[in-house]
Amino acid sequence: GVSAGLVPARAQSSDKTLDKVSFGTNWVAEGEHGGFFQALADGTYKKYGLDVTIVPGGPNENNRMLLIAGKLDFFMSANSLQTFDAVTNNVPLVAVATMFQKDPQVFLTHPEVKVSKIEDLRPLTLLISKEGITSYFQWLKSEYGFDENKVKPYTFNPQPFIVNKQTAMQGYVTSEPFAVEKAAGFKPNVLLLADYGFNSYSTLIETRRDLVDKKPDLVQRFVDASIVGWYHYVYGDNSAGNAMIKKLNPDMNDELLAYCVAKMREYGIVDSGDSIKNGIGAMTDERMASFFDKMVRAGVVKSTIDYHQGYTLRFVNKAVGVELRPKN
Amino acid sequence: MKSPQDLIRFLLPVAVFAAGLLLWEAIVRAYGIQPYVLPSPLLVLKTLVADWPILSQSLGVTLLTTLEGFVAAAVGGVVLALLFNQSKWLEYSLFPYAVVLQVTPVIAIAPLLLIYLQQQTAVIVCAWIVAFFPVLSNTTLGLSSVDRNLAGLFQLYGASRLQTLLFLKLPAALPYILGGLRIAGGLSLIGAVVAEIAAGSAGAGSGLAFRIAESGYRLNIPRMFAALLLLSLAGIVIYGVLALVSHLLLRRWHESALGKDS
Amino acid sequence: MKSPQDLIRFLLPVAVFAAGLLLWEAIVRAYGIQPYVLPSPLLVLKTLVADWPILSQSLGVTLLTTLEGFVAAAVGGVVLALLFNQSKWLEYSLFPYAVVLQVTPVIAIAPLLLIYLQQQTAVIVCAWIVAFFPVLSNTTLGLSSVDRNLAGLFQLYGASRLQTLLFLKLPAALPYILGGLRIAGGLSLIGAVVAEIAAGSAGAGSGLAFRIAESGYRLNIPRMFAALLLLSLAGIVIYGVLALVSHLLLRRWHESALGKDS
Amino acid sequence: MVESTVPEADASSSAVRLRGVTKTYDSGVMALGPLDLDVKRGEFVSLLGPSGCGKSTALRIIAGLAAPSIGTVELAHHDTERRGSHRIGFVFQEPTLMPWATVRDNVRLPLKLARAPVADAEMRIGAALDQVGLAEFARAYPRELSGGMKMRVSLARALVTDPDILLMDEPFAALDEITRFRLNNDLLSLWRDLHKTVIFVTHSVFESVYLSERVIVMTARPGRIGAEFRITSTEPRGEEFRTSAEYAAFCREVSRALAPSYAGQAGA
Amino acid sequence: MVESTVPEADASSSAVRLRGVTKTYDSGVMALGPLDLDVKRGEFVSLLGPSGCGKSTALRIIAGLAAPSIGTVELAHHDTERRGSHRIGFVFQEPTLMPWATVRDNVRLPLKLARAPVADAEMRIGAALDQVGLAEFARAYPRELSGGMKMRVSLARALVTDPDILLMDEPFAALDEITRFRLNNDLLSLWRDLHKTVIFVTHSVFESVYLSERVIVMTARPGRIGAEFRITSTEPRGEEFRTSAEYAAFCREVSRALAPSYAGQAGA
Ligand SMILES: Nc1ncnc2c1ncn2[C@@H]1O[C@H](COP(=O)(O)OP(=O)(O)OP(=O)(O)O)[C@@H](O)[C@H]1O
Ligand SMILES: Nc1ncnc2c1ncn2[C@@H]1O[C@H](COP(=O)(O)OP(=O)(O)OP(=O)(O)O)[C@@H](O)[C@H]1O
Ligand SMILES: [Mg+2]
Ligand SMILES: [Mg+2]
């Protein structure tokens, strides 16, 4: 009828050929997920033949279970440790790319407390989340001799930190320092754990092994498109991605997102080390092995597991998108 | 006599509330407490007004979940109690599961629910789990407190099970059931909040729980308090409505709802 | 007559429980559900045994918090209700705050509590907040359901307030109070879990809540279920103990605790 | 006039038949000694006995509200399964009203349970309320009534269904004499006209003699039949009977049986 | 013998003094018409009247358990503040026992509230229980008692404190005649020996005449004083009085006053 004739022909035909893909993040929409939203918003995914739905996570991470149960196709996992956990428990998940070369995990301290290296944190009361306790804090314990008794629970509310100068609080370099500065009016000191040897990957794309085996092409396209999205988000015009983030999460604003991108660039969170040559997404066996050893020493994972099961280099290190990085 | 009494009943809490606010404001000023630790009530109110569009939307979402959870808890609790009342065997075999449901942390089973249920359904199930037990427990207590002679009378007059239920057990248990509902009212609000945290959607279109958590992370403490204030008000209103319903239903016959000298 | 009855009362739930486990095992096998989605009960049991040292320690921590929270809730709820019962004015002015406490999400105020209180105190306060309201509400209901003529008798014989409280109001409200405590039992367990999540310590010496959360995001689902199982069992035991206490206290006089033909 | 032995009732015409019924409560109290009782259809039997001798217990057992510890209970045309039918009217010793229902709704209860046609039901309820003098309190709640008024509601409720067997536990104890006399007469004409079987517990010797065909005096706990009296009189009974020497003699006899140890006069 | 007018009581010797007392309940029912009543110290007054005429209401108002809508209540040596003292003993129309306490503990209640010395208390409790014939049920709970037994516990509780003023609302209605007679006599000797003031509600004309110095017959709702009778007799009263022609005449008079519309005989 008349109404059918109004539907644009292009959309009709292309919809048919697009592969439906769902991708779950581990938090609400924010700058740290910018590349994925960018790829969705600027049509990169579509260009790669993908019809992507991004399912934001929430305060409690449920999306990983949905991936395992087959309700999602990809999931954004936080760090390499999660990869080891999957192997430990024989869960057939595979990390296929990492978007962050450095884990953005930091400790914030009050400017009045002179802290210049990680050992200086030891006398302070540490505010660490339960996830942090089971992961990087174990590493701090084994590597730097931190004391569990100095830890207080952190529920992602910075109030106790602000009130008490003798505390240090965990956070992401890309957001908490900004929030504290905005609200409390002081600029906290920041120590990036990655700079002291905590060499976990972060913001990895994870999927089920059967998807890797049965539809490698789909996985490849999703990884490539996401990488391109990240290049655009970090270096290019990221207004489309930001618009989408702000729409999904009205608490986000331009200032905050700009801060996030600036910090990602300043600290080389997304693009540094291996990715300079191999492109965003780059992973290496050496680095995995090094992190695994550290986690074994920290007693977080068992030395007997075959951690190679948990990731594959098959889809990365192809220098996809390096041309998008501005040459300066 | 009656009208001034009622007025006091209404004005007194308001006055005490106002006094509480003044004290709060005074403390904040006296100790110079920063707004990111404890915002002054004035600031909270300002924030409430300023952020009304976003907060009211979240309030709506949470209240809807609360209502659904409450209805589910009320119906589920009463029906379960009636079922258990029909057969001791049923009660002995299944009551432990009701306890298990009560003590299961929603946070832990929300992921499982999300696998098998629609998200909105999962949220309501979570709210239900939090709120149903008081209704079940109180209704069970009420049903077993039915006057024996009255029960005998029903038996004598050949009342069917349904008749005994409708005309004897439910009315007799009503004060207890309403007591359970008054507890469940607040709990289903809490249940909605917990459910939102555990299984709700985040970002736009999310409820007060998310606002509170989010404002907490973002250190937007005034907004967090504004959201908490809304939650508290919602709780008081829910309780007030339930207490009023109780009063209207019981005032003509039950001890607990009678005036001093009637 | 009595002993076999009691036996059934005990055996039936166990039998139904066993049947439930078998069904669970069967479903897991039939659909080939992977242990990281839904572990079979056998695996959960094995994990329970294997991880017993770590789980039992956490169980102990949680149970201690539960106990402290329960005692606080019981005492706090009853005392508040008695206070409110002494003066209508007090009740009208302060009851809304009790409702506010009930509906305040612990997660939101835990940081504030952590600022001003010792961590262990903060945990107990959180557990208390979760569990006290049913006790308060049911006790209030019970106190206002006291037989008028009996109250008149006490007045006539010049009973002091304390005497009226001890010898009339508390015993008369006892069935209601115990009903409230049965609800609060499970709630204080939940409260302990929530409190641990919001304010409890992590790592070694932490409670079941931490184990559940940790196992959850470390994908150690069998251990998560083992911890949940422990929690459920603890809930059932707590309920059972409270039900037993109720029965012993009421069996000689209250309708709800009497046998069929006595 | 006074027959201390009653001929064995013909089983076929028995409305109620108790054989060797005893009741021992959980507390260990033996409330009812072995009791054999036959009540013929259409008979009016009074039970008298000291406080706590098991009269109420006996009534409850007959109605099927309590099970005998030993012994059997048979009701004509009511096997144990169907005993819970509306053919029994019961007036408890306490009013036993539904506090949440108005007087009218309380009286309506048996009709509602039997799903009686509405128009007919309303008429009967009105008549029953008139009979007990509570028409103007039809919309009151039980707590707004005096003790005697509550008992009258309970009476109205028992009468409204027109039951075959009426079991009444001290129904008039809380009523003033005028009302009591009037209701005595109402009950008598009801029994006479509609051939009801009535078992009536009372503490008033006068009342028992005035009303019944047979007065059974029970012994102290555990309640057994201590003595039986057949009250013969010219029908219909009325004020004439109440002032007769015959009546006074019956009363004396019954009182004497009631108090074997209590030598002396038993009336005004 | 019968005096329908009673001389105005001397105010100084009044134990109870009601002036223009009315009671209208929230439901709008006017339960008590304007009532003037003086009861002298040591007097035994009976209240009679149709069911629902406001007898219980009057008693509750005298005890201070309900406030009059209009009018004043004075108790000698009890200003309204101190009225709640243990000098009043009250027997409610219903047993009003604490279900959670044993018979013994129920009877102990007033003594416990008055902090009476334990040894003395135990002795009194034992005596009171003996008096009402419930010694062997001392450890039973109220629900294990028959209706009459519950009333007797309530009686024992009222008697155990040795109160100055005894307010009794149909205390013997649920008791068998033997027990009733015995308790009548017990009450009489208690009153005579200890000079108590007793206000006694009953439906039994015989009882009221046998016990009281003065019988007050109330009108139907709203209850007012319809007639008063001073019962004179040779003291001490006993079986002799009960069988006297004098007694029968009193009873007839009272009955007649009770039933202005009820022509005819008012006794056995
Ligand atoms: N529920 C019960 N549990 C234990 N004992 C009971 C119970 N009900 C009654 N009894 C006992 O059984 C005996 C008989 O009680 P029942 O009520 O039948 O007496 P009754 O003849 O009706 O006395 P009354 O004239 O005082 O009403 C009493 O001694 C009482 O103690
Ligand atoms: N709580 C109440 N609320 C409303 N009306 C009441 C209340 N109590 C009593 N009444 C009314 O007051 C009137 C008098 O009641 P009261 O109990 O004093 O009567 P009574 O003389 O003791 O009767 P009875 O001999 O039946 O015990 C009754 O008509 C009753 O309907
Ligand atoms: Mg009886
Ligand atoms: Mg009365």
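Everything quoted here is computed from the prediction, not taken from an experiment.

Caption draft 1: Focus on the UniProt feature "transmembrane region" (unreviewed entry) in chain B. Residues and elements named next belong to chain B. Within this numbering scheme, the UniProt entry marks residues 54-82, 94-116, 122-143, 164-183, 189-213 and 225-250 as carrying the feature "transmembrane region" (unreviewed entry). Secondary structure within residues 122-143 divides into 100% helix and 0% strand; the distance between the first and last C-alpha atoms comes to 30 Å. Measuring from the first to the last C-alpha atom of residues 225-250 gives 37 Å, for a span that is 100% helix and 0% strand.

Caption draft 2: A look at the interface of chain B and chain C. At the junction of the two partners, chain B supplies 64 residues and chain C supplies 65 residues. Around 5,400 Å² of area is buried between chain B and chain C when both sides are counted, 69% of it from carbon and sulfur atoms. Taken together, the connections running from chain B to chain C amount to 0 salt bridges. The tally of links from chain B across to chain C stands at 4 residue pairs in polar contact (both at pLDDT 80 or more).

Caption draft 3: Highlighting helix H9 (residues 208-217) of chain B. The buried count for H9(B) comes to 10 of 10 residues, which makes it a mostly enclosed element. Every buried residue of H9(B) is listed here: Leu208(B), Ala209(B), Phe210(B), Arg211(B), Ile212(B), Ala213(B), Glu214(B), Ser215(B), Gly216(B) and Tyr217(B).

Caption draft 4: Region of the structure containing the coordination of the magnesium ion (ligand 3). All names here are of chain D. Ligation of the magnesium ion (ligand 3) by protein atoms is provided by Ser56 (OG) and Gln93 (OE1), these donors lying 1.9 to 2.1 Å from the ion. Highlighted residues: Ser56 in helix H1 (residues 55-63) and Gln93 in the loop between strand S5 (88-91) and helix H2 (103-113), separated in sequence by 37 residues. Each member of the pair, Ser56 as well as Gln93, is classed as buried.

Caption draft 5: The arrangement of the confidence of the model for chain A in detail. Residues and elements named next belong to chain A. Predicted confidence across chain A gives a mean pLDDT of 87, with 94% of residues reaching 70 or more. Looking over chain A, one finds the lowest element-wise mean pLDDT in helix H1 (residues 2-6), namely 35, and the highest in strand S10 (residues 202-208), namely 95. Here residues 1-13 is a poorly scored stretch, pLDDT under 50, and it has 1 contact once near neighbours within four places are set aside; other chains count.

Caption draft 6: Structural view of the nonpolar core. Counting 443 residues, the largest nonpolar core has Phe84(A), Leu121(A) and Trp230(A) as its most contacted members. Grouped together as the second largest cluster of nonpolar side chains are 5 residues, Trp27(A), Phe210(B), Ala213(B) and Tyr217(B) included.

Caption draft 7: Representation of the pattern of salt bridges. Throughout the structure, instances matching the rule amount to 55 salt bridges over all chains. We note a salt bridge from Arg104(D) to Glu122(D), for which the minimum N-O separation is 3.1 Å. Of this pair, Arg104(D) sits in helix H2 while Glu122(D) sits in helix H3 (residues 118-131); the two residues are 18 residues apart in sequence, bridging distant segments of the chain. On the basis of relative accessible area, Arg104(D) is assigned to the partly exposed category, the value being 25%. Linking Glu228(E) and Arg214(E) is a salt bridge whose minimum nitrogen-to-oxygen distance equals 2.7 Å.

Caption draft 8: Spotlight on the site of ligand 2. Residues in close proximity to ligand 2 total 23 residues, the closest being Ser146(D), Lys55(E), Ser56(E), Thr57(E) and Gln93(E). Nearby residues around ligand 2 are contributed by chains B, D and E. Between ligand 2 and Ser146(D) there is a distance of 2.6 Å, counted from an oxygen atom to a side-chain nitrogen or oxygen. Note that an oxygen atom of ligand 2 is positioned 2.8 Å from one of the side-chain N or O atoms of Arg221(E). Isolated, ligand 2 exposes 630 Å² of accessible area, and the fraction of that covered by the protein chains is 95%.

Caption draft 9: Seen up close, the relation of the copies chain B and chain C. Laying chain B over chain C is done by rotating through 180° and shifting 0.0 Å along the axis; what remains is an RMSD of 0.1 Å. What we have between these two chains is a two-fold relation. For chain B, the smallest separation between a C-alpha atom and the rotation axis is recorded for Pro134(B), amounting to 3.8 Å. Residue by residue, 98% of the interface of chain B is reproduced at the interface of chain C, so both copies engage with the same surface.

Caption draft 10: Geometry of the site of ligand 1. Around ligand 1, the structure places 22 residues, and the nearest of them are Lys55(D), Ser56(D), Thr57(D), Gln93(D) and Ser146(E). Neighbouring residues of ligand 1 are not confined to a single chain but are spread across chains C, D and E. Taking Ser51(D), its side chain carries an N or O atom lying 2.9 Å from an oxygen atom of ligand 1. Contact distances for ligand 1 include 3.4 Å between an oxygen atom and a side-chain N or O atom of Glu170(D). Against a free-state accessible area of 640 Å², the protein chains account for coverage of 95% of ligand 1. For the shell around ligand 1, the elements supplying multiple residues, two or more each, are H1 of chain D together with helix H4 (147-159) of chain E. Residue composition of the shell around ligand 1, grouped by class: 5 nonpolar, 12 polar and 5 charged.

Caption draft 11: Quick look at the sheet that holds S10(A). Residue and element names in this part refer to chain A. On the basis of which strands lie adjacent, the open sheet formed by 5 strands has the order S2-S1-S3-S10-S4 and mixed pairing. Looking at which strands have only one partner, the edges of the open sheet turn out to be strand S2 (50-55) and strand S4 (93-100). Adjacent strand axes in the sheet meet at a mean angle of 30° when their direction is disregarded. On the sheet, helix H12 (residues 216-235) packs against strand S1 (19-24), S2, strand S3 (74-79), S4 and S10 and is oriented at approximately 15° with respect to S4.

Caption draft 12: Focus on the arrangement of the chains. If you rank the 8 pairs of chains in contact by how many contacts each has, first place goes to chains B and C. The two units chain A and chain D are non-contacting; their minimal C-alpha-C-alpha distance is 48 Å. As for chain E relative to chain A, no contact occurs, and the smallest C-alpha gap between them is 48 Å.

Caption draft 13: Region of the structure containing the packing of aromatic side chains. Scanning the entire structure with this criterion turns up 52 aromatic pairs over all chains. Taking the centre distance of 6.3 Å and the plane angle of 20° together, the rings of Tyr210(E) and Phe241(E) count as stacked. Of this pair, Tyr210(E) sits in helix H6 (residues 205-211) while Phe241(E) sits in helix H7 (residues 239-242), placing them 31 residues apart in sequence. Here Tyr210(E) and Phe241(E) have matching classes, each one buried. In textbook terms, an aromatic cluster arises when at least three aromatic residues are bridged by ring pairs, as seen for Phe84(A), Phe107(A), Tyr136(A), Trp139(A), Tyr144(A), Phe198(A), Phe291(A), Phe292(A), Tyr307(A) and Tyr311(A). We note Lys112(D) situated over the ring of Phe167(B); from NZ or CZ to the ring centre the distance is 4.0 Å. The ring of Tyr25(E) is capped by Lys23(E), whose NZ or CZ atom sits 5.4 Å from the centre of that ring.

Caption draft 14: Structural context of the environment of Leu231(C). Structurally, the position occupied by Leu231(C) is in helix H10 (residues 221-250). When its relative accessible area of 1% is taken as the criterion, Leu231(C) is described as buried. The sequence separation of Leu231(C) and Trp24(C) amounts to 207 residues, and the corresponding C-alpha distance is 18 Å. Setting aside its immediate chain neighbours within four residues, Leu231(C) contacts Val103(B), Pro105(B), Leu189(C), Val193(C), Leu208(C) and Ile212(C).

Caption draft 15: Geometry of the confidence of the model for chain B. Here chain B averages 86 in pLDDT, while 93% of its residues score no lower than 70. In the predicted complex, the global pTM is 0.88; the interface-specific ipTM is 0.86.

Caption draft 16: Quick peek at the packing of helix H3 (residues 52-86) of chain C against helix H9 (residues 208-217) of chain C. Residues and elements named next belong to chain C. Relative to each other, H3 and H9 sit at 130°, their axes nearing to 7 Å. With respect to H9, the axis of H3 lies oblique. Within the contact between the two elements, H3 uses Ile54, Leu55, Ser58, Leu59 and Thr62 and H9 uses Leu208, Ala209 and Arg211. Looking at the contact of H3 with H9 residue by residue, the class counts come to 5 nonpolar, 2 polar and 1 charged.

About the cut-offs
- Residues numbered from 1 in each chain as written.
- Chains lettered and ligands numbered in written order.
- Predicted model: local features only at pLDDT ≥ 70, side-chain atom pairs only at ≥ 80, totals over all residues.
- Heavy atoms only, no water.
- UniProt positions renumbered as here; feature names shortened; annotations may be inferred.
- Helix = DSSP H or I, 4+ residues; strand = E, 2+ residues; numbered from the N terminus.
- Contact = heavy atoms within 4.5 Å.
- Buried area = accessible area lost by both parts, 1.4 Å probe.
- Salt bridge = Lys/Arg side-chain N within 4 Å of Asp/Glu carboxyl O.
- Polar contact = N/O pair within 3.5 Å; in protein donor to acceptor, adjacent residues only side chain to side chain.
- Buried < 20%, exposed > 50% of the residue type's maximum accessible area, 1.4 Å probe, protein only.
- Donors = N, O, S within 2.8 Å, 3.2 Å for Na, K, Ca; no water.
- pLDDT = per-residue confidence, 0-100.
- Core = buried A, V, L, I, M, F, W, Y, C linked by side-chain atoms within 4.5 Å.
- Near = heavy atom within 4 Å.
- Areas by Shrake-Rupley, 256 points an atom, 1.4 Å probe, with all protein chains shown as cover.
- Least-squares fit on C-alpha atoms with pLDDT ≥ 70 in both.
- Nonpolar A, V, L, I, M, F, W, Y, C, P; charged D, E, K, R; others polar.
- Pairing = 2+ DSSP bridges.
- Axes fitted to C-alpha atoms, helices over the stretch in contact; angles between N-to-C directions.
- Phe/Tyr/Trp six-rings, centres within 6.5 Å; stacked < 30°, edge-to-face > 60°.
- Lys NZ or Arg CZ within 6 Å of the ring centre and 35° of its normal.
- Parallel < 35°, antiparallel > 145°, perpendicular 65-115°, else oblique.

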